[in-house]
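Remarks on the overall topology
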Amino acid sequence: MKRVLNDKIDDETLRSELDKYLNEYHVDVDAAKRGILRKYGAIDSASAIGSSVVKKISALTGTEQNVDVVAKIVSSEHRSIRGKGIDKTVVSGTLGDDTGTASFTIWEPGSGEYPAGATFAFRNCYCKVWNGNIQVNVGNRGRVETVDADIEVSGAVAGAPAETKKIGQLNGSEQNVDVSAKVVSVERRTISTKNGEKEIVSGTIGDSTGTVPFTVWEPVDLALGAVYDFKGCYCKVWNGTVQVNLGNRGTVTPSFADVGDVEYFPSVQSAEPVNSEMKKISELDGKETSVDLRVKVVSVEKRTISTKNGEKEIVSGRIGDETGTVPFTVWEPADIVKGGSYMFRNCYCKSWNDTPQVNVGNRGRVEPIDATIDVAEVTYDRSGEECKIRDVHEGSGNVTVRGRVMSVEVRDVVIRGENRTVWSGILADETGRIQYSAWKDFGLKEGDSVRVSDAYVRAWKGIPQLNMGERCEVSRIDSDFQPVGTGGSLRTVGEIMRTGGGVDLDVEGLVVDIRAGSGLIKRCPQCRRSILNGSCVAHGPVEGVSDLRLKAVIDDGTGAIGAVIGRADTERLSGMTLNDAEALASKLGEGAVAAKLASMVLMKRVRASGNVTVDDFGPSINVNGIKAIEVDTAAEAKALLNDVEANLS
């Protein structure tokens, strides 16, 4: 450990720290090493404890979930991300080592600076592949540490290994694929993007195994009937059809490859032969990509909708057989009459509100048939059985719950240009609390005990929300439960990872880490956002107001969760006031405040309350109440000994 710390700590202090972690905090040796190394600013803790995976950039595959990378910043910028409940600043750019370069994003940059030419250790990163190239991400579980080293950066771009395929071999999941194909049709188009108008090239390419649509996102000249090598493509599936895309990292060059005879299909064809499966309505699961249905039309209407390419006429309604009915949409004009019997061929299905929806796209067709089909009276869906609020999670589909209305708020909103009124608030039972939105007036009043049936579940940042639509039924009941109070629902991190976040949850565990962005910070006096370099993302340059904050990691043995702790709770947990922090910062600098806070709260057992969100970077809790829990070590040791002896007997 002294070698890793470069003699930053003397023997006596090191022994004292190690004794404290082992005999006062009662953690294992590896955890003690990590804590001490982190506290004294080591960047090479992996070599001391042998628990991290360190890779060169060229060795990255894009699938890593926990990797360390030591690299030089080639370029960086602070960017604001807004939309869908997100309003934050990230740092992104390009990093590199002697084996190559990759793009990176730091999702919680705090007040740190990441200038070009500086070298950092990017700890506990996760990687992805986009456009065939590696992306390194530092989420709320990662950290970035300064390294005193000079790295010679290679200009090679790290990418996922390319594979070469025929058109008929594509499945739509490829991230870096090379194809040689003939241009069957081609056009230049101008589209609108968030950055303004952009010219693209699109059409159809093919070889002897099939044809697919393509898009080149940077203008190139392609000749009809000519053969090209499309390198570095990525593929997607839309309406059951593979699509080939070429981004700014791909290339198109003339080719002398023999692609065989290519048949031109006026409509875009699937790259693979279509083998539709015949099903009954009740057998649909909403995931079909090619299915045939023998049905009777229960209702039908023609509608005109607005698309990015202008107005379009579609046909929609409901179809059925002897097992049930489902909604349908035919996306190309068709003559369909109510009461008629038809064969819907090569359809694809989706689910909405846990009910399958049948779609006929440009690969499908609707054929009249001479048959009498009896239609079941029932509508086919999957209304969920009654469950407790604690068990409601994203993916639950339609659910039925009982609870007490804890709050009601009426708001006017605009949905797709239409003015709507929504009733929202909190519903609670004895197991938990959940946010709800009612899209019609059910007469909800605070204090009412209700049974809500046929509600559907949607989630925002992993927090499930109960939606009461037109099909929902709400009835008053006699209360037979005591609703849980604020912060009264204790969950393990393992449960949260399985079922998602929630409102007013409790998490109990050890504070095992303090992250960048903790300590003394400055906030915008108008919107209270934390500011960077004296500037607010919403209000520009401002005179910041001092505040105290902790960004901690709490581990309960089933997993770890990030916790954002405000000033009042930080003061209560640590004993350090804002005035204390300002005085310390004036003497030793702002970094000393975070270090002092860490020494006060690390390895404390706490119980934190607040709203828990879950996203790609893991779970996090926005703490609105926290308290330290005294641990009776002797009693816990005795209980553990009893369990061990019982298992041995």
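Residues numbered from 1 in each chain as written. Predicted model: local features only at pLDDT ≥ 70, side-chain atom pairs only at ≥ 80, totals over all residues. Heavy atoms only, no water.

Let's talk about the pairing of strand β26 (residues 449–460)
It is a general feature of regular strands that their side chains alternate between the two faces of the sheet. Pairing between strand β22 (residues 398–405) and β26: six bridges, direction antiparallel. Each bridged residue has a counterpart across the sheet, and for Val399 the counterpart in β26 is Ala455. Of the pairings in the sheet, the one linking β26 to strand β28 (residues 473–476) comprises four bridges and is antiparallel in character. Considered in β28, the bridge of Ser453 is made with Glu473. (Pairing = 2+ DSSP bridges. Helix = DSSP H or I, 4+ residues; strand = E, 2+ residues; numbered from the N terminus.)

Comments concerning the nonpolar core
Note on soluble globular proteins: their nonpolar side chains tend to be buried together. Ranked by size, the top nonpolar core spans 37 residues in total, and within it Ile514, Ile561, Val593 and Ile621 carry the most contacts. If sequence neighbours within four positions are ignored, Ile561 has contacts with Val493, Ile496, Val507, Ala552, Val553, Ile554, Val612, Pro619, Ser620 and Ile621. Membership of the second largest hydrophobic core comes to 20 residues, among which are Tyr436, Ala438, Ala455 and Val457. (Core = buried A, V, L, I, M, F, W, Y, C linked by side-chain atoms within 4.5 Å. Buried < 20%, exposed > 50% of the residue type's maximum accessible area, 1.4 Å probe, protein only. Contact = heavy atoms within 4.5 Å.)

Some points on the side chain of Ser341
Tracing the sequence through the fold places Ser341 in strand β18 (residues 341–352). Here the side chain of Ser341 touches Ala371 through a polar contact of 2.9 Å, landing on its backbone oxygen. For Ser341, the contacting residues outside a window of four places in its chain are Val295, Lys296, Glu367, Pro368, Ile369, Ala371 and Ile373. (Polar contact = N/O pair within 3.5 Å; in protein donor to acceptor, adjacent residues only side chain to side chain.)

A look at the packing of aromatic side chains
What the rule picks out here adds up to six aromatic pairs. When the ring of Phe214 is compared with that of Phe230, the centres are 6.0 Å apart and the planes differ by 55 degrees; the resulting orientation is tilted. Here Phe230 lies in strand β11 (residues 227–238) and Phe214 lies in strand β10 (residues 210–216), a separation of 16 residues in the sequence. A relative accessible area of 3% means that Phe214 is categorised as buried. (Phe/Tyr/Trp six-rings, centres within 6.5 Å; stacked < 30°, edge-to-face > 60°.)

Quick word on the pairing of strand β34 (residues 545–555)
With nine of eleven residues buried, β34 is to be regarded as a mostly interior element. Bridging between strand β30 (residues 502–514) and β34 involves four bridges; their strand directions are antiparallel. Among the inter-strand pairings, Leu510 is bridged to a residue of β34, identified as Asp555. Two elements, strand β31 (residues 519–523) and β34, share five bridges in a ladder whose sense is antiparallel. By the bridge assignment, Arg523 is partnered in β34 with Val545. Across six bridges, the pairing between β34 and strand β35 (residues 560–565) is antiparallel. Paired with Val553 across the strands is Gly562, a residue of β35. Counting the residues in the hairpin turn of β34 and β35 gives four residues, including Gly557, whose phi is positive at 95 degrees.

Comments concerning the environment of Ile496
Looking at the element boundaries, Ile496 is found in helix α5 (residues 493–499). A residue is classified by how much of its surface remains accessible, and Ile496, at 0% relative accessible area, is buried. Considered as a pair, Ile496 and Val507 are eleven residues apart in the sequence and their alpha carbons are 9.7 Å apart. Residues contacting Ile496, with those up to four places away along its chain left out, are Arg491, Gly501, Val507, Ile561, Val612, Val614 and Pro619.

Comments concerning helix α7 (residues 578–588)
Spacing of three or four residues puts side chains on the same side of an α-helix, whose turn is 3.6 residues. Regarding α7, the residues found buried are Leu578, Ala581 and Ala585. Projected down its long axis, α7 carries its buried residues within an arc of 55 degrees, all on one side. Exposed residues on α7 whose side chains face more than 90 degrees from its buried face are Asn579, Ser586 and Lys587. Residues of α7 that are buried in the fold lie against β31, β34, α6 (567–574) and α8 (590–601). Residue Gly589 follows α7 closely and has a positive phi angle near 100 degrees. (Arc of directions from axis to C-beta.)

Points about unusual backbone geometry
The phi dihedral of Asn124 falls on the positive side, at around 55 degrees, and the residue is not glycine. By the secondary structure assignment, Asn124 is in strand β4 (residues 119–130). For Asn124, a relative accessible area of 23% gives the class partly exposed. Backbone geometry at Met603 places phi at a positive 70 degrees, although glycine is not the residue there. Following the sequence through the fold, Met603 ends up in the loop between α8 and β36 (605–615).

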